[in-house]
Amino acid sequence: MNKNFVSRISSIGYAIIMAIFGINHFRMGEAMKGYIPVYFPAPVFWVYLVGAALILAAIAIIINKKTRLACYLLGLMLLLFVLLLHLPAMLHPTNPQMQALSMTMLLKDLGLAAGAFYIGSHNE
């Protein structure tokens, strides 16, 4: 088993996870709209837009077309989540449980962003 095979399988696994997250945005759009900051209009629209972006990035990775662009945009989107959603919620929590959840989500999205940037930087 060579290094490229392991990288490809790992990239596909990452893409499947992103696709599942994207599908969940469509399945649970109404429930997820509470995560959108109040200064964004039409919160369900943003939930669905993010879901579509996650699914499209997953497709790009799986079919290995425009993977670098898709991964860099996915990584940027995840970093924006860290800065616009999770960091403010962690710094100004409504309760200790929300602070812990926000920190968990912040670290998750940082890790996922790092993975996206890594896949993108190792794709031609």
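Placed above this text is the structure.
Just so it is clear, the structure is predicted and the values come from calculations on it, not from any experiment. (Residues numbered from 1 in each chain as written. Predicted model: local features only at pLDDT ≥ 70, side-chain atom pairs only at ≥ 80, totals over all residues. Heavy atoms only, no water.)

*Asks:* Is there a simple way to think about the overall build of the chain in this case?
*Replies:* Scanning the chain for helices and strands turns up 5 helices and 0 strands. Counting helices and strands in the order they occur from the N terminus, the chain gives α-α-α-α-α. The globule rule puts the C-alpha radius of gyration for 124 residues at 14 Å, and the 15 Å found for the chain is close to it. When its C-alpha atoms are laid out on the principal axes, the chain stretches across 50 × 25 × 20 Å. By residue count, 33% of the 124 residues in the chain fall in the buried class. Within the chain, counting contacts between residues at least 6 apart in sequence, those at least 24 apart form 65% of the total. Per element, the accessible surface of the chain, about 7,900 Å² overall, is 73% carbon and sulfur. (Helix = DSSP H or I, 4+ residues; strand = E, 2+ residues; numbered from the N terminus. Rg over C-alpha atoms; globule rule 2.2 N^0.38 Å. Buried < 20%, exposed > 50% of the residue type's maximum accessible area, 1.4 Å probe, protein only. Contact = heavy atoms within 4.5 Å. Areas by Shrake-Rupley, 256 points an atom, 1.4 Å probe, with all protein chains shown as cover.)

*Asks:* Can you help me understand the packing of helix α3 (residues 43-63) against helix α4 (residues 67-91) in this one?
*Replies:* Helix packing geometry: the angle between the two helix axes and the distance between the axes. Remark: α3 packs on α4, axes separated minimally by 9 Å, with the N-to-C direction vectors making an angle of 145 degrees. Crossing of α3 over α4 shows left-handed handedness. Between α3 and α4, the residues in contact are Val 50, Ala 53, Leu 54, Ala 57, Ala 60 and Ile 61 and Thr 67, Ala 70, Cys 71, Leu 74, Met 77 and Phe 81, respectively. (Axes fitted to C-alpha atoms, helices over the stretch in contact; angles between N-to-C directions. Left-handed = near helix turned anticlockwise from the far one by under 90°.)

*Asks:* Looking at this model, I keep getting lost on the environment of Leu 79. Mind explaining?
*Replies:* In this structure, Leu 79 sits in helix α4. Residue Leu 79 is classed as partly exposed on the basis of its relative accessible area, which comes to 30%. Sequence separation between Leu 79 and Asp 109 is 30 residues, and the spatial gap between their C-alpha atoms is 7.0 Å.

*Asks:* Explanation requested: the layout of surface pockets in the structure shown.
*Replies:* If a probe the size of a water molecule is rolled over the atoms, the empty space left behind becomes visible. Space inside the largest pocket adds up to approximately 970 Å³. When contributions to the lining of the largest pocket are tallied by element, the ones reaching two or more residues are α1 (3-27), α3, α4 and α5 (96-121). The element best represented in the lining of the largest pocket is α4, accounting for 9 residues. Its residues placed into classes, the lining of the largest pocket shows 27 nonpolar, 6 polar and 2 charged. Estimated volume of the second largest pocket: approximately 350 Å³. (1 Å grid on protein atoms, 1.4 Å probe; cavity = no way out; pocket = protein on both sides within 12 Å on 5 of 7 lines; lining within 4 Å. Points joined across faces, edges and corners; volume = space filled by probe spheres on them. Nonpolar A, V, L, I, M, F, W, Y, C, P; charged D, E, K, R; others polar.)

*Asks:* I tried to follow the pattern of salt bridges on my own but got confused; where do I start?
*Replies:* Close approach of charged atoms allows side chains of opposite charge to pair. For the structure on display, the rule yields 2 salt bridges. A salt bridge links Lys 33 to Glu 30, with the nearest nitrogen and oxygen atoms 3.1 Å apart. Assessed through its relative accessible area of 34%, Lys 33 is described here as partly exposed. Between Lys 108 and Asp 109 there is a salt bridge, and its shortest N-O distance comes to 2.9 Å. (Salt bridge = Lys/Arg side-chain N within 4 Å of Asp/Glu carboxyl O.)

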